[in-house]
Amino acid sequence: MTSLSLTQLSVPPTDAEVDAWAAVLTAAHAADLPGVPAATRVEIAGRLRVPPTTGRFAHFAADEGVASLLLFTDAGNAHTASLDVLQVRPDARRRGIGTALWHRVREELLAQGRTSVSTMADLGGAGQAFAESLGFENVLPLAWYVQDVRGAHDAAPGRPAAQPEPPAGYQLVCWEDLVPDAWVAAAALAHGSMEDAPTGDTDERPTAWTPERLHTVQRLVLDRGGRMLMAAAVTPAGEVAAYTSLVLPDPAALRALQYDTVVVPAHRGRGLGRTVKLRMLSEATARFPALREIATSVAEENTPMRAVNAALGYRRERAAGIFQIKL
């Protein structure tokens, strides 16, 4: 095994450490995913400098590679972790650097009493090959889908796309950054409907959503330099019947990430998933003129959401999976 000089980043990381980390990720991304927008320095710095809400990071760095491990701290997931990043510069690959990084990560996992770890990897690429060589298995097949929003810009330059009409009995609203206090409890309750979303054989367990947790997660996006939108269908009784969330990790980025899209079971079958996504597209194109794409990942077995995305013009970009190993 390669003898590698590994360091843990300062807390918080210095500008030089962020720049070195970003250089590795940018080079690896250019080699592995040409044509796909890479994370910007704002996004990378935010993730390195602002602690997550669900656990704590352990960052390991060398000149040729980097690794970032998220150790969950909530009681239901103290047995597992997520390998958020493990990348090696393309010109330094096949020299045992990735394996050396993995051994350091594994040491940390065992020291913290973890019995499993998962990571996301694209299928058919270096990430899948490396993960499988270590014994990881694909426990949740999924795919990335992308919506080109330039058509919405072209249809109405400088103005929102046509506003979708909700079904009778619902009103569409959009909240930027934090959900208003008057709606946060209802939004957290709706988020609980995500518990029936496909999770495959992953060891990570859902955590209960409270108003406080929802606001904490949203503040994390803002503290890391990003922006957030939520489009929701609400009822006169004060329910959030459906919603979708969009995160722009860097306000200047060309690509945003579609996060959760939820329809509460009692309100399904009325087209609310499609309606809130259309409202999101309208609002996003109006508020972020530089935006060109919205990307989202969907489990292969989530047929209803894949159908909604297809109807909205999302194209399948690449296959991926959640890979997991038992320690």
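The structure we're discussing is the one just above.
Residues numbered from 1 in each chain as written. Predicted model: local features only at pLDDT ≥ 70, side-chain atom pairs only at ≥ 80, totals over all residues. Heavy atoms only, no water.

**Student:** Teacher, can you tell me more about the overall build of the chain here?
**Tutor:** Within the chain, the regular secondary structure consists of nine helices and 12 strands. Here the C-alpha atoms of the chain give a radius of gyration of 20 Å, agreeing with the 20 Å that 2.2 N^0.38 yields for 327 residues. Projected onto the principal axes, the alpha-carbon positions of the chain cover approximately 65 × 40 × 35 Å. Counting only residues that meet the buried cut, the chain has 47% of its 327 residues in that class. (Helix = DSSP H or I, 4+ residues; strand = E, 2+ residues; numbered from the N terminus. Rg over C-alpha atoms; globule rule 2.2 N^0.38 Å. Buried < 20%, exposed > 50% of the residue type's maximum accessible area, 1.4 Å probe, protein only.)

**Student:** Can you help me understand the pattern of salt bridges in this one?
**Tutor:** Opposite charge on two side chains allows them to pair when their charged atoms are near. In this structure the tally under the stated criterion is 20 salt bridges. As a salt-bridge pair, Glu283 and Arg279 come within 2.8 Å of each other at their nearest N and O atoms. Placement of the pair is Glu283 and Arg279 together in helix α8 (residues 272–287), with a separation of four residues, close to one helical turn. Overall, Arg279 belongs to the buried group, its relative accessible area being 15%. Where salt bridges share partners, they join Asp122, Arg255, Glu293, Arg315, Glu317 and Arg318 into one cluster. (Salt bridge = Lys/Arg side-chain N within 4 Å of Asp/Glu carboxyl O.)

**Student:** Explain the packing of helix α1 (residues 15–32) against helix α2 (residues 41–49) to me, please; I cannot follow it from the model alone.
**Tutor:** A packed helix pair is summarised by two numbers, namely the angle formed by the two axes and the spacing between the axes. Where α1 meets α2, the closest approach of the two axes is 10 Å, and the angle between their N-to-C directions is 120°. Between α1 and α2, the angle is such that the two are oblique. The handedness of the crossing between α1 and α2 is right-handed. Every residue of α2 that contacts α1 at Asp15, Val18, Asp19, Trp21, Ala22 and Leu25 is listed here: Arg41, Ile44, Ala45, Leu48 and Arg49. Grouping the amino acids of the contact of α1 with α2 by side-chain chemistry returns seven nonpolar, no polar and four charged. (Axes fitted to C-alpha atoms, helices over the stretch in contact; angles between N-to-C directions. Parallel < 35°, antiparallel > 145°, perpendicular 65-115°, else oblique. Left-handed = near helix turned anticlockwise from the far one by under 90°. Contact = heavy atoms within 4.5 Å. Nonpolar A, V, L, I, M, F, W, Y, C, P; charged D, E, K, R; others polar.)

**Student:** I tried to follow α1 on my own but got confused; where do I start?
**Tutor:** Along an α-helix, residues three or four apart share an orientation, since each turn contains 3.6 residues. Between its first and last C-alpha atoms α1 spans 25 Å; for 18 residues at 1.5 Å apiece the expected length is 26 Å, and the two agree. As for α1, its buried residues are in contact with α2, β2 (55–61), β3 (65–72) and β4 (81–88). (Expected span 1.5 Å × (residues − 1).)

**Student:** What exactly am I supposed to notice about the environment of Trp183 here?
**Tutor:** Relative to the elements of secondary structure, Trp183 occurs in helix α6 (residues 181–191). Residue class for Trp183 comes out partly exposed when judged on its relative accessible area of 22%. Along the backbone, Trp183 and Gly238 are 55 residues apart, and their C-alpha atoms lie at a distance of 7.7 Å. With near-sequence residues (within four places) excluded, Trp183 lies in contact with Trp175, Val234, Thr235, Gly238, Glu239 and Val240.

**Student:** Would you take a moment to explain the pairing of strand β12 (residues 315–326) for this structure?
**Tutor:** Where a strand is regular, its side chains alternate between the two sheet faces. Pairing analysis gives seven bridges linking strand β5 (residues 116–122) to β12, with the strands arranged antiparallel. Directly across from Val117, in β12, lies its bridge partner Ile325. For strand β6 (residues 137–148) and β12, the ladder comprises nine bridges, and the chain directions are antiparallel. Its bridge partner lying in β12, Val146 is registered against Arg315. (Pairing = 2+ DSSP bridges.)

**Student:** Where do I start with the side chain of His59 in this structure?
**Tutor:** With respect to the helices and strands, the residue His59 is situated in strand β2. Classification of His59 as buried rests on a relative accessible area of 11%. Of note is the side chain of His59, whose polar atom sits 2.8 Å from the side chain of Ser68. Among all residues touching His59, those that are not within four sequence positions of it are Thr7, Gln8, Leu9, Trp21, Arg47, Leu48, Ala67 and Ser68. (Polar contact = N/O pair within 3.5 Å; in protein donor to acceptor, adjacent residues only side chain to side chain.)

**Student:** Help me understand the packing of aromatic side chains in this model?
**Tutor:** The description of an aromatic ring pair rests on the distance of the ring centres and on the angle between the ring planes. For the structure shown, the criterion picks out two aromatic pairs. Consider the rings of Trp175 and Trp183, whose centres lie 5.9 Å apart with planes at 35°: the pair is tilted. Cation over ring: Arg213 sits above Trp209, and NZ or CZ is 3.9 Å from the ring centre. (Phe/Tyr/Trp six-rings, centres within 6.5 Å; stacked < 30°, edge-to-face > 60°. Lys NZ or Arg CZ within 6 Å of the ring centre and 35° of its normal.)

**Student:** Explanation requested: the packing of α6 against helix α7 (residues 211–223) in the structure shown.
**Tutor:** Relative to each other, α6 and α7 sit at 105°, their axes nearing to 8 Å. Taken together, α6 and α7 sit at an angle that is classed as roughly perpendicular. Residues Asp181, Val184, Ala185, Ala187 and Ala188 of α6 pack against Pro211, Leu214 and His215 of α7. The class makeup of the residues in the contact of α6 with α7 is six nonpolar, one polar and one charged.

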